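Each chain, letter by letter, is given below.
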Amino acid sequence: MKRPKPVDLRFLMTRSETPKFLADLCAAAHPRAKLTSSVEEAMHRHLPLHDLLRGSLFYPASGLDGSVLSLYHYFPSFVYADYGVELLQVQEALSSDKWDGFSRPFKLIAMRDVSEELVPSNWEPHPNWRHECGKDLTITLKDRQPFAIWAILGDRPSQATRLISLLFVGAESATTFNRLYIDNAIAPAALAVIQPSDALGSNWTDFRKPGGTFSRLVASNPAGPPKYYVAGGRGSIESYAEPDWPEYSALLAWPLPHLCGTREAGATSIWTRVKGDELQ
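Residues numbered from 1 in each chain as written. Predicted model: local features only at pLDDT ≥ 70, side-chain atom pairs only at ≥ 80, totals over all residues. Heavy atoms only, no water.

Attention shifts here to the overall build of the chain. The secondary structure content of the chain amounts to nine helices and nine strands. Classification of the 280 residues of the chain by burial places 52% in the buried group. A fraction of 72% describes how many contacts in the chain between residues 6 or more apart in sequence connect residues 24 or more apart. Surface exposure of the chain reaches about 13000 Å², of which carbon and sulfur atoms provide 50%. (Helix = DSSP H or I, 4+ residues; strand = E, 2+ residues; numbered from the N terminus. Buried < 20%, exposed > 50% of the residue type's maximum accessible area, 1.4 Å probe, protein only. Contact = heavy atoms within 4.5 Å. Areas by Shrake-Rupley, 256 points an atom, 1.4 Å probe, with all protein chains shown as cover.)

Tallied over the entire structure, the rule returns four salt bridges. Between Lys20 and Asp24 there is a salt bridge, with the nearest N and O atoms lying 2.8 Å from each other. Taken together, the residues span about one helical turn, with Lys20 and Asp24 both in helix H1 (residues 20-27) at a distance of four residues. Note that Asp183 and Arg179 form a salt bridge whose closest N and O atoms lie 3.4 Å from each other. On the basis of relative accessible area, Asp183 is assigned to the partly exposed category, the value being 46%. Overall, the relative accessible area of 28% leaves Arg179 in the partly exposed class. (Salt bridge = Lys/Arg side-chain N within 4 Å of Asp/Glu carboxyl O.)

As a further point, take unusual backbone geometry. Negative phi is the rule for most residues except glycine; trans is the rule for most peptide bonds. For Ala61, which is not a glycine, the phi torsion comes out positive at approximately 50°. In this structure, Ala61 sits in the loop between strand S1 (56-60) and strand S2 (77-81).

Bringing the nonpolar core into the picture now. The biggest cluster of nonpolar side chains holds 46 residues, and the ones touching the most others in it are Val39, Leu118, Trp150, Leu163, Phe177, Leu180 and Phe214. The greatest single-element share of this core, amounting to five residues, is contributed by helix H8 (residues 173-182). When residues no more than four places from it in sequence are discounted, the contact partners of Leu118 are Leu47, Leu49, Trp123, Ala148, Leu167, Val169 and Leu180. Among the nonpolar cores identified, the runner-up in size contains 29 residues, and Val68, Phe75, Ile149 and Leu166 belong to it. (Core = buried A, V, L, I, M, F, W, Y, C linked by side-chain atoms within 4.5 Å.)

Moving on, we get to the packing of aromatic side chains. Applying the stated rule across the entire model yields 16 aromatic pairs. Ring geometry for Tyr80 versus Phe168: centroids 5.9 Å apart, planes at 45°, classification tilted. Residue Tyr80 is found in strand S2, and its partner Phe168 is found in strand S5 (residues 163-170); the two are separated by 88 residues along the sequence. A relative accessible area of 1% places Phe168 in the buried class. Grouped by ring-pair contacts, the aromatic residues Phe58, Phe177, Tyr181, Phe207, Phe214, Tyr229, Trp245 and Tyr248 constitute a single cluster. We note Arg273 situated over the ring of Tyr248; from NZ or CZ to the ring centre the distance is 5.3 Å. (Phe/Tyr/Trp six-rings, centres within 6.5 Å; stacked < 30°, edge-to-face > 60°. Lys NZ or Arg CZ within 6 Å of the ring centre and 35° of its normal.)

Structural data, given as C-alpha cells:
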C-alpha cells in the first residue's frame, strides 16, 4: 500500500491561537516558582470555561490515555470525557511521575475539583440514545456520579513557559459534548477518536461510526464542526490510513506511531475538512 506524503504539521496551530488564559499565565511565568504560584492562584478563581473550550481538542472515551498531549504544539487545551474512570484514578494519574501518559513531557503544576462548578445534577443523556448498539445507557450510568477535574501542566524547568490545560470530565462523552460545546455554541478545534471501547466493549455507541449518534451530534453544533479529526489505536498502520468520517477526507499526517498510549503496534492519522495546502 502506498503511503501518503507526510505534511508539515506546523500549520495546524499557531501560538496566536493559544487560549487567552494560558497565554496570560505564560506571560508571567518567570521564574518557575512564579509560574507555579500564578497558576495555583488563577486556578482558584472562576473556571474560564469558554476560553478553555475554544481551540481545544475533545477526546471522547479517553480513558487515562495521555498520549494525545503530545499534540500540545497544536492544541494547548484538552478536554477528556469518560464515564468508566473514577475521580481518584484521574487524580492519581495526574499526580504520578511514573505514569507515562501525563507525566511526559509535562509535570502537574496544579489541579482542582470543578465538579460542582461544571457538572450539574441534570446532566442526563438524551432519551433517544439509550438503546443504541444494544446497550441501555441508563443502566450503564446507574450509580455513576459525574465529576470534573481541571489541571494545568507545565513542561520541565528548562522550558518553564509552555503550559497546557486538561479538563477531565467523568461523564458520558456525547452528553459532555452536548453540554459543553453545543450549549455554549463553541466548536472544538479537533476531535480525537483513539481506540474507543465501542459496541464490542463498554461504550453504548460506536464513536467512529459515520452517521452514528455521536457524529450527528457533532454535526448539529451551531458553532460548526471541528476542523481536525485525529484517529488512531492499536493494530496495523494501514488500519488508520483511511478516515473514519468521510467529511474529514484531507489527510494531514499518517502514520504517527504509538500515539494510542500503548507499546503495541498502532498508529494515528490526522485529517481535516479542508485541503492540506489551504492550511499554508
